2 protein chains.
Amino acid sequence: MAETGVSRILAGFVAGSQWRDIPPAVRREGARGLLNYVGCALGGCGDEAMALALRVLSPSFGPTQAGIIGRTERCDPLNAAFLNAASANVLEYDDTHLPTVMHPAAPVAPGLFALAEARGASGAELLHAFILGVETSCRVGDAVMPHHYRRGAHITATCGIFGAAAAAGKLLGLDAVRMNWALGHAATQSAGLVESLGSMSKSIGVGNAARNGLAGALFAEAGFTAAEQAIEGKYGFAAVASDAVDLNKVTDGLGETWEILANAYKPYPCGVVLFPVIDACLELRKRLAVPATEIAQVFVRGHPLLRERTDRPDVADGRSAKVSLQHSVAIALLQGAAGIAQFTDAAVGDPAVQALRAKVSAQDDPLIPVEAAVVEVKLADGSSIREHVNVGRGTPGRPMSDLELDAKVGECTAFGAPFVDAPALIAAIRDIETLGDAAHIMRMTVPV
Amino acid sequence: MAETGVSRILAGFVAGSQWRDIPPAVRREGARGLLNYVGCALGGCGDEAMALALRVLSPSFGPTQAGIIGRTERCDPLNAAFLNAASANVLEYDDTHLPTVMHPAAPVAPGLFALAEARGASGAELLHAFILGVETSCRVGDAVMPHHYRRGAHITATCGIFGAAAAAGKLLGLDAVRMNWALGHAATQSAGLVESLGSMSKSIGVGNAARNGLAGALFAEAGFTAAEQAIEGKYGFAAVASDAVDLNKVTDGLGETWEILANAYKPYPCGVVLFPVIDACLELRKRLAVPATEIAQVFVRGHPLLRERTDRPDVADGRSAKVSLQHSVAIALLQGAAGIAQFTDAAVGDPAVQALRAKVSAQDDPLIPVEAAVVEVKLADGSSIREHVNVGRGTPGRPMSDLELDAKVGECTAFGAPFVDAPALIAAIRDIETLGDAAHIMRMTVPV
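Residues numbered from 1 in each chain as written. Chains lettered and ligands numbered in written order. Predicted model: local features only at pLDDT ≥ 70, side-chain atom pairs only at ≥ 80, totals over all residues. Heavy atoms only, no water.

Engineer: Explain the overall build of chain A residue by residue, including any values.
Structural biologist: The number of helices and strands found in chain A is 22 helices and eight strands. Here the C-alpha atoms of chain A give a radius of gyration of 22 Å, agreeing with the 22 Å that 2.2 N^0.38 yields for 448 residues. Buried residues in chain A amount to 62% of all 448 residues. Sequence separation of 24 or more characterises 77% of the internal contacts of chain A that already satisfy a separation of 6 or more. Of the roughly 15,000 Å² of accessible surface on chain A, 53% is carried by carbon and sulfur atoms. Charge separation in chain A, taken as the distance between the mean sites of 37 positive and 47 negative side-chain charges, equals 1 Å. (Helix = DSSP H or I, 4+ residues; strand = E, 2+ residues; numbered from the N terminus. Rg over C-alpha atoms; globule rule 2.2 N^0.38 Å. Buried < 20%, exposed > 50% of the residue type's maximum accessible area, 1.4 Å probe, protein only. Contact = heavy atoms within 4.5 Å. Areas by Shrake-Rupley, 256 points an atom, 1.4 Å probe, with all protein chains shown as cover. Lys, Arg positive; Asp, Glu negative; His and termini not counted. Charge placed at Lys NZ, Arg CZ, Asp CG, Glu CD.)

Structure follows, in structure tokens:
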């Protein structure tokens, strides 16, 4: 039976994987994933939640073996993993594994960079471990979705920890038995509630996934035993996580198909369903012959999910603006951009944005796919212009190009860590395969 | 509706509770709970899992503000909370909240002693916070049991974290809003699988409950926001934790009834269902006119749960011996004791114990309650003796007396930390209400 021993099979695959087994396209997407990760962490490193988390955790910081992306502080690898996961996710600018809507990099990558600093690792070793970690998180997620999220589990945290443990375990060179224990330690620490989204508490779930996954690998390395059927066991993760489990998804095609190829990068730091709407508004803005203040009304038509998730005319702060159709439309039309600066508390409070938000309404159209949208702008003089986007940027049909990704990383860096040499950093991460010392990347992200 | 806002109501209760509101019997049971906790941690502090955990975590130890019970090492409060929870639970000698079969003290107490050392607290303040933490863990557990455990959630960890957060929050003096956030941070970190029991990984779940609960309170103190309906919300803890939730159990009779009064202390470091069997065997041993090596056969009759949980003639190590009927009978009859020393790997390997284990068999009797048992010993000469125990020690009908609890703490100390002055420690914990500096207790548990 394929379902027997999936934890053991997955552990054996990760432990046994060779760098030469990783196809070039997968390596390339891995490097893009790391680039997006570091960029997001640079963008988020100055967030209020980060400042508070540092205040809470710094009295417990151990010896300073690891850096905190974009910041001067240094700490022990476990706290670094927590903080660098929190910053990478706090702006909602993550990568997104489309089949599960999980954000894999924030939990998986931080422990790897912390280990690279504390123990040393080459760029290729780190990239290899990252690819395997993403594979692990996504496959465990695939097995328990969609019921897992629907019940209230925040999959980025709950499944991210498996990838964090597997990736760190790979970099530590764990054998198959210890890798199996690392997955067991991940399973018993898996946590995170959808209820916490919209509050700072979300960052604790994502931070813990990175921290506790790394800890799980370190415990396994030391010989700390764990359940060996932690995913599939009678009282294991899958039983707790979902009423509709397909364990074959953990193992089918392992080493042949690669989940990281289904990983997309957000072009805008907001809800995925808003992407085609923003694309349309940015196009319309270019075509507007008059100032956006002349707009009388904006009509949006989209898949019913659009209204269900984002029909939010009143927004209180930058955090809630990220899931507001009205706010996204207003800033795109007024400012011709939808970056980090457009989803801050300041942008939310801008009177012009407030005025335009009130003029935006939306209508369901079940015939429009979720990656498409139609936006019509009616002007004060009675004329109107219209834009139909079939496939939004950052969706499977129109992935972010390398240039677009570079621009995003540049924006994040300028916002959160302007002292960083973004072009040099981008070049180093794209070439991470050839880097002798992966910790070099971390050194490029902090003030000298 | 009583179910609305149970997180807020519970937080308000904990934040608003006054020491004078705590009845004397509750205070007394709280002190007994702390005594049992410290005793168990002293017994477990030298366990192999503890040595490994220290090896893994010590490279990340922060400034040495907090002690590790029974050990010379010191570390930061968060790591201390983890380690002192792991040691208190590792021997399976815990307290047991009978309605949920949760072990409340191991997650709740460690953060309090760590805070007492790092920030200062009186004995009464610590005891008050401990009582409220146990109340919180048990009430959250009551609301989601029995389905929560049956699905695979290790309730000591998953619900213990709520009490750890509430107790630490109380000692930090959080107001009701921040206490609500502390519960929210606890909810989103709630984790632990039954599948991990029987491996060292169990200690990670219990350790994290203490560590992450304390962290949740510290995050809330700093103003780190959280979901305010984290227990009852649509995507909150209860929805994820159980298919049969009764939220009234979180709030009904709050401040009038006290869960700690349903907290019992294990007289033997093994499964609860074995207690009446061991009682019977210890009685029989006194009546045996010949050496136990003359025993031909042992028949045990008990509630069907006894055989279901503990019919384990072949045991590999001390850990599995703790849930073996055959082993428990053998050591009680041969050695006239069933303490820590009787559930070690050495005791398991003793040829005389092995020989007697093979002679033990069990029979179901649905008419016998779970807290009772009948044991019959047949000797080589054909004669037999029989003992019927109606109510085992350490069950609700026959709670551990103060003298019995003192003896248990003495045994634990002698086993794990013989340098400790057990009588002085016991006296100090019984009088903890009058102690100006609760950290004094911690100083009594470590080598000078």
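Engineer: Quick rundown of the sheet that holds strand β6 (residues 360-364) of chain A? Include the residues and the values.
Structural biologist: Residues and elements named next belong to chain A. As summarised here, the arrangement of the four strands in space is β6-β5-β7-β8, forming an open sheet in which the pairing is mixed. Lying at the two open borders of the sheet, with one neighbouring strand each, are β6 and β8 (384-389). On average, adjacent strands in this sheet sit at an angle of 15 degrees to one another, irrespective of strand direction. Of the strand pairs in this sheet, strand β5 (residues 295-302) and strand β7 (residues 373-379) are connected by seven bridges, and their pairing is antiparallel. For F299, the partnering residue across the bridge sits in β7 and is E376. Against the sheet, helix α14 (residues 275-287) makes contact with β5, β7 and β8, and its axis sits at roughly 140 degrees relative to β8, the strand it touches most. Packing of helix α17 (residues 325-335) onto the sheet brings it into contact with β5, β6 and β7, and relative to β5 it is tilted by some 125 degrees. (Pairing = 2+ DSSP bridges. Axes fitted to C-alpha atoms, helices over the stretch in contact; angles between N-to-C directions.)

Engineer: So what's going on with the interface of chain B and chain A? Residues and values would help.
Structural biologist: For interface size, the figure often reported is the accessible area lost on association. Taken together, the 60 residues of chain B in the interface contact 60 residues of chain A. Buried surface at the junction of chain B and chain A, summed over both partners, amounts to about 4,600 Å²; 63% is from carbon and sulfur atoms. Here chain B and chain A share zero salt bridges between them. If you look at where chain B meets chain A, you find 22 residue pairs in polar contact (both at pLDDT 80 or more). Looking at the side of chain B that touches chain A, the elements with two or more residues in it are α3 (48-57), α4 (77-89), α7 (147-151), α10 (176-189), α11 (201-221) and α12 (237-241) of chain B. The element that contributes the greatest number of residues to the side of chain B that touches chain A is α11 of chain B, accounting for eight residues. (Buried area = accessible area lost by both parts, 1.4 Å probe. Salt bridge = Lys/Arg side-chain N within 4 Å of Asp/Glu carboxyl O. Polar contact = N/O pair within 3.5 Å; in protein donor to acceptor, adjacent residues only side chain to side chain.)

Engineer: Let's hear about the packing of aromatic side chains: which residues, and what values?
Structural biologist: Residues and elements named next belong to chain B. Counted according to the given criterion, the structure contains 12 aromatic pairs over all chains. Judged by centre distance (5.8 Å) and plane angle (70 degrees), the rings of Y268 and F275 are edge-to-face. Judged by relative accessible area, which is 3%, Y268 ranks as buried. Given a relative accessible area of 1%, F275 falls into the buried group. (Phe/Tyr/Trp six-rings, centres within 6.5 Å; stacked < 30°, edge-to-face > 60°.)

Engineer: Lay out helix α1 (residues 6-16) of chain B with the relevant residues and their values.
Structural biologist: Residue and element names in this part refer to chain B. When α1 is considered as a whole, its buried residues turn out to be V6, S7, L10, A11, F13 and V14. Down the axis of α1, the buried set is contained in an arc of 160 degrees. They therefore lie on one face. The inward-facing, buried residues of α1 abut α6 (123-144), α9 (160-171), α10 and α13 (248-251). (Arc of directions from axis to C-beta.)

Engineer: Go over the relation of the copies chain B and chain A with me, naming the residues and quoting the values.
Structural biologist: Each of the two copies of the chain can be brought onto the other by a rotation about an axis and a shift along it. Rotating chain B by 180 degrees about the axis while translating it 0.0 Å along that axis superimposes it on chain A, leaving an RMSD of 0.0 Å. Each copy turns onto its partner about a two-fold axis. It is G62 of chain B whose C-alpha, among those of chain B, lies nearest the rotation axis, at 2.0 Å. By residue overlap, the copies meet face to face through one surface: 100% of the interface positions of chain B are interface positions in chain A. (Least-squares fit on C-alpha atoms with pLDDT ≥ 70 in both.)

Engineer: Tell me what's going on with empty space enclosed by the protein, and back it up with residues and numbers.
Structural biologist: As enumerated under the stated definition, the model contains 10 cavities of 30 Å³ or more in all. A volume near 310 Å³ is recorded for the largest cavity. Lining the largest cavity are 25 residues, and of these S190, A191 and V240 of chain A together with S190 and V240 of chain B sit closest to its centre. Of all the elements in the fold, those that place two or more residues in the lining of the largest cavity are α7 (147-151) and α12 (237-241) of chain A together with α7, α10 and α12 of chain B. When the residues that make up the lining of the largest cavity are grouped by side-chain class, the tally is 14 nonpolar, nine polar and two charged. (1 Å grid on protein atoms, 1.4 Å probe; cavity = no way out; pocket = protein on both sides within 12 Å on 5 of 7 lines; lining within 4 Å. Points joined across faces, edges and corners; volume = space filled by probe spheres on them. Nonpolar A, V, L, I, M, F, W, Y, C, P; charged D, E, K, R; others polar.)

Engineer: Describe the pattern of salt bridges, with residues and values.
Structural biologist: Oppositely charged side chains can form a pair if their charged atoms are brought close together. Applying the stated criterion across every chain yields a total of 40 salt bridges over all chains. If you follow the salt bridges from partner to partner, you end up with R28, E29, R32, D402, D406 and R430 of chain A in one network.

Engineer: Can you explain the environment of Y235 of chain B? Please cite residues and give values.
Structural biologist: For Y235 of chain B, the location among the structural elements is in the loop between α11 and α12. Remark: the alpha-carbon pair of Y235 of chain B and V420 of chain B, spanning 185 residues in sequence, is separated by 47 Å. Excluding residues within four positions of it along the chain, Y235 of chain B makes contact with Y149, R150, R151, G152, L193, V194 and E195 of chain A.

Worth remembering: the numbers are spatial, not functional.
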